[in-house]
Amino acid sequence: MTTPATHTHSPDRLLLRGGTVVDTDPHVTARPNTDVLIEHGTIVAVGSGLSAEGAEVVDARERIVLPGFVDTHRHVWQSVLRAVAVDSDLGDYLGLVLGRLSPAMRPEDVYTGNLVGALECLDSGITTVQDFSHVQHRAEHGDAAVSGLRAAGIRAVFGYGHPPFDPAARDPRLVRDLRERLFAGDDELVTLALAPGGPSYTPIDVVEEDWRLAAELDIPLAVHVGSGPVAQRPIEALRDRGLLNARTLYIHGNSLPDDELAMIADSGGALSIAPHIEAQMGHGAPMINRSRAVGLVTGLGVDVVTSGPGDMFSLLRATLLTSQLAEGSRLFAADMLRLATIGGAAALGLADRIGSLAVGKQADVILLRADAVNLVGATHDIAGAVVASAHPGNVDTVLVAGRTVKRAGRLTHPHLSTALADAHNSAARLATTP
Ligand SMILES: [Zn+2]
C-alpha cells in the first residue's frame with residue numbers, strides 16, 4: 001500500500017531565476033527580478049544576479065514566487081467525501097460524515113483519501129498540512145493515513161485521532177505502537193501529533209490521560225474547542241488541571257469568551273481558524289479580529305472539503321471577507337498572506353523551518369503564473385492580486401524541501417491517474433453506503 005515519494009525531483013542546487021519574490025516575514029514585501037538559490041532542500045540565498053554555477057535553473061520571470069502555504073487544520077481523509085455536506089449545518093455534518101460515512105471507511109479508502117487530499121493541497125500551493133485524522137477505527141487505518149501522506153510528498157503534521165462516535169477506538173496502545181513503527185526514523189517531512197477529543201467533548205479525566213500521553217510521547221496536541229457540550233469553559237478546565245501548554249493547537253473556538261482566548265495566548269498555545277467552514281456550519285462569529293486583539297498566534301485551516309473549497313486562495317478571500325463583517329480593527333490582504341504562511345508555520349511550531357523565504361529555511365516554495373489572464377498587470381499590488389484574484393490553476397511550480405512536486409502546472413506524481421481513479425471508486429462506493 002505504501003508508495004514511497006521517489007517521484008520527486010531534487011537537484012543538489014536549484015536556482016529560481018528572475019521572479020517577483022513575495023516574502024511574508026517580518027512583513028510582506030515584493031521584490032522584482034530576484035533569484036532564490038536552494039541547496040540540498042534549503043534556501044541559501046535570495047537576491048539579484050546570483051551565480052547559477054552547478055545549479056539547475058528554473059526560469060521564474062513572469063512568475064510570482066511565494067513561500068508555500070500552511071493549512072493548519074484539515075481532515076485530509078475526507079477528500080473521498082467531497083461535497084457531501086455543502087448544504088449541511090454542523091449537526092447534519094456530524095451525523096452524516098462522522099456518524100454514517102466514517103465507519104464505512106476501509107483502510108484503502110483512508111489511504112486514497114489522504115493521498116489525493118494531500119495532492120489537492122500541493123496542487124494549490126499548500127506545502128504543509130496539519131492532518132486532524134479522526135478516522136482510526138483500527139490500527140490499519142492509521143497506517144494507511146500516514147502512508148497516504150508520505151506517498152504524496154507533502155510536509156505534514158499527522159494528528160492521530162479516533163472517531164468521536166467510536167470511543168472504544170481510543171486506545172493509547174495504538175498511538176504508542178504507531179509511533180514505534182512509523183515515526184522511529186528521521187523522516188522530518190511527516191511528524192506526529194495527538195488529536196484527541198479534548199475538554200469540550202470528553203470528560204476532564206479522559207482529557208488528562210490524553211494530555212499525559214502526548215507529554216510521554218513528546219508530541220504536540222491539536223484539539224477542537226468551543227463552549228460545551230461537556231465543558232462550558234474548556235480552556236479554564238485545562239488551566240485548572242495544569243494542562244495548558246505551548247504545544248497545543250486549539251481549533252475554531254468561536255464560542256469562547258475573550259478571557260479564555262487570552263488564557264491560550266498566555267500559555268503560548270496557538271489558534272487554527274477555518275473561516276469558510278465556521279461561517280458555513282454556523283460555528284459563530286468570525287475569529288480573526290478577536291484572536292489578533294489578544295495577540296494569539298493564528299493560522300488558517302481548510303477543515304473539510306465535504307462542505308467547502310480545499311484551496312488556500314478561497315480561504316484567503318473567505319478570511320478577509322468575514323473579517324470585514326466582524327467588529328475590530330481592519331485587516332488587509334498582506335495580513336491574509338502572513339496568516340497563510342508564517343502565521344500557520346508558527347501555529348504548528350515550525351516557524352524556524354518554514355513559512356517564509358528566509359535564508360536557512362526549508363525550500364517550501366511556490367511559483368504562480370504572473371502572465372495568467374487573471375494576474376497579468378498586477379504590478380500595482382502583487383500581494384493584493386494574489387489574495388484578490390489568484391486560483392489553483394495559477395500554481396505553476398511547487399517545491400517541498402527543494403523537491404519538485406508540481407512543474408509547468410502539473411503534479412509530477414507518477415501514479416496520479418491511478419490515485420484519481422481509486423478516489424473516484426472510493427467515493428462512488430461510499431455514496432451508496434446506507
Ligand atoms: Zn475540524
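Refer to the preceding data block for the structure.
All values reported here derive from a predicted model rather than from experimental measurement. (Residues numbered from 1 in each chain as written. Predicted model: local features only at pLDDT ≥ 70, side-chain atom pairs only at ≥ 80, totals over all residues. Heavy atoms only, no water.)

What follows deals with the overall build of the protein. Of the regular secondary structure elements, the protein holds 13 helices and 17 strands. Taking 434 residues into account, the globule formula puts the C-alpha radius of gyration at 22 Å, and the protein, at 21 Å, falls close to it. Here the C-alpha coordinates of the protein stretch approximately 60 × 50 × 40 Å along the principal axes. Across the 434 residues in the protein, those meeting the buried criterion constitute 57%. Within the protein, contacts between residues at least 6 apart in sequence are counted, and of these 77% link residues at least 24 apart. Accessible area for the protein stands at about 16600 Å²; split by element, carbon and sulfur atoms hold 52% of it. Within the protein, the 50 negative side-chain charges are centred at a point lying 3 Å from the centre of the 35 positive side-chain charges. (Helix = DSSP H or I, 4+ residues; strand = E, 2+ residues; numbered from the N terminus. Rg over C-alpha atoms; globule rule 2.2 N^0.38 Å. Buried < 20%, exposed > 50% of the residue type's maximum accessible area, 1.4 Å probe, protein only. Contact = heavy atoms within 4.5 Å. Areas by Shrake-Rupley, 256 points an atom, 1.4 Å probe, with all protein chains shown as cover. Lys, Arg positive; Asp, Glu negative; His and termini not counted. Charge placed at Lys NZ, Arg CZ, Asp CG, Glu CD.)

Glancing now at the packing of helix α2 (residues 107-123) against helix α3 (residues 139-152). Packing of α2 against α3 brings their axes to within 7 Å, and their N-to-C directions diverge by 30 degrees. Between α2 and α3, the interaxial angle falls into the category roughly parallel. Helix-helix and strand crossings are classified by hand; for α2 and α3 the assignment is right-handed. Taking contact as the criterion, the partners of Pro107, Val110, Tyr111, Asn114, Leu115, Ala118, Leu119 and Leu122 in α2 are, on α3, Glu140, His141, Ala144, Ala145, Ser147, Gly148, Leu149, Ala151 and Ala152. In terms of residue class, the contact of α2 with α3 is built from 12 nonpolar, 4 polar and 1 charged. (Axes fitted to C-alpha atoms, helices over the stretch in contact; angles between N-to-C directions. Parallel < 35°, antiparallel > 145°, perpendicular 65-115°, else oblique. Left-handed = near helix turned anticlockwise from the far one by under 90°. Nonpolar A, V, L, I, M, F, W, Y, C, P; charged D, E, K, R; others polar.)

Moving on to the coordination of the zinc ion. For the zinc ion, the protein coordination sphere consists of His73 (NE2), His75 (NE2), His224 (NE2) and Asp303 (OD), at 2.0 to 2.8 Å. Each of the 4 donor atoms bound to the zinc ion contributes to angles spanning 82 to 171 degrees, and the resulting shape is irregular. The motif formed by the donor residues of the zinc ion, counted along the single chain, is H-x1-H-x148-H-x78-D. With His224 in strand β10 (residues 221-225) and Asp303 in the loop between β13 (297-300) and α10 (312-325), this residue pair connects regions lying 79 residues apart in the sequence. (Donors = N, O, S within 2.8 Å, 3.2 Å for Na, K, Ca; no water. Tetrahedral: all angles 85-135°; square planar, octahedral: opposite > 155°, others 65-115°.)

The contact between α2 and helix α13 (residues 416-431) brings their axes to 9 Å, and the two run at 125 degrees. One way to sum up the angle between α2 and α13 is to call them oblique. The hand of the α2/α13 crossing is left-handed. Two secondary-structure elements touch here, α2 through Asp109, Thr112, Leu115, Val116 and Leu119 and α13 through Leu416, Ala419, Leu420, Asp422, Ala423, Ser426 and Arg429.

Turning our eyes to something else, we now look at the pattern of salt bridges. All chains considered together, the criterion is met by 33 salt bridges. A salt bridge links Arg173 to Asp171, with the shortest nitrogen-to-oxygen separation between them at 3.0 Å. Relative accessible area serves as the criterion here: at 63%, Arg173 is assigned to the exposed category. Here the salt bridges share partners, and the residues they tie into one network are Arg63, Arg369, Asp371, Asp396 and Arg407. (Salt bridge = Lys/Arg side-chain N within 4 Å of Asp/Glu carboxyl O.)

Further remarks concern the side chain of Thr127. Along the chain, the position of Thr127 falls in strand β7 (residues 126-133). The contacts of Thr127, once residues within four sequence positions are left out, are Gly68, Phe69, Leu122, Ile154, Arg155, Asp364, Ile366, Val398, Leu399 and Val400.

Residue placement: Thr248 occurs in strand β11 (residues 248-252). Given the relative accessible area of 2%, Thr248 is considered buried. For the pair Thr248 and Ala222, spaced 26 residues apart in sequence, the C-alpha to C-alpha distance is 5.7 Å. Non-local contacts of Thr248, meaning those with residues more than four positions away in its chain, are made with Trp211, Leu221, Val223, Gly269 and Ala270. Polar side-chain contacts of Thr248 include one of 2.8 Å to the side chain of Asn245. (Polar contact = N/O pair within 3.5 Å; in protein donor to acceptor, adjacent residues only side chain to side chain.)

A cis amide bond links Asp25 with the next residue in sequence, Pro26, at an omega value of 5 degrees. Within the secondary structure, Pro26 sits in the loop between β1 (13-23) and β2 (29-39). With a phi close to 50 degrees, Asn33 is a non-glycine residue in the positive phi region. Looking at the secondary structure, you find Asn33 in strand β2. Residue classification places Asn33 among the exposed positions, given a relative accessible area of 53%. For Asp218, which is not a glycine, the phi torsion comes out positive at approximately 60 degrees. With respect to the secondary-structure elements, Asp218 resides in the loop between α5 (204-217) and β10. Residue Asp218 is classed as exposed on the basis of its relative accessible area, which comes to 53%.

Coordinates in, geometry out; function isn't part of it.
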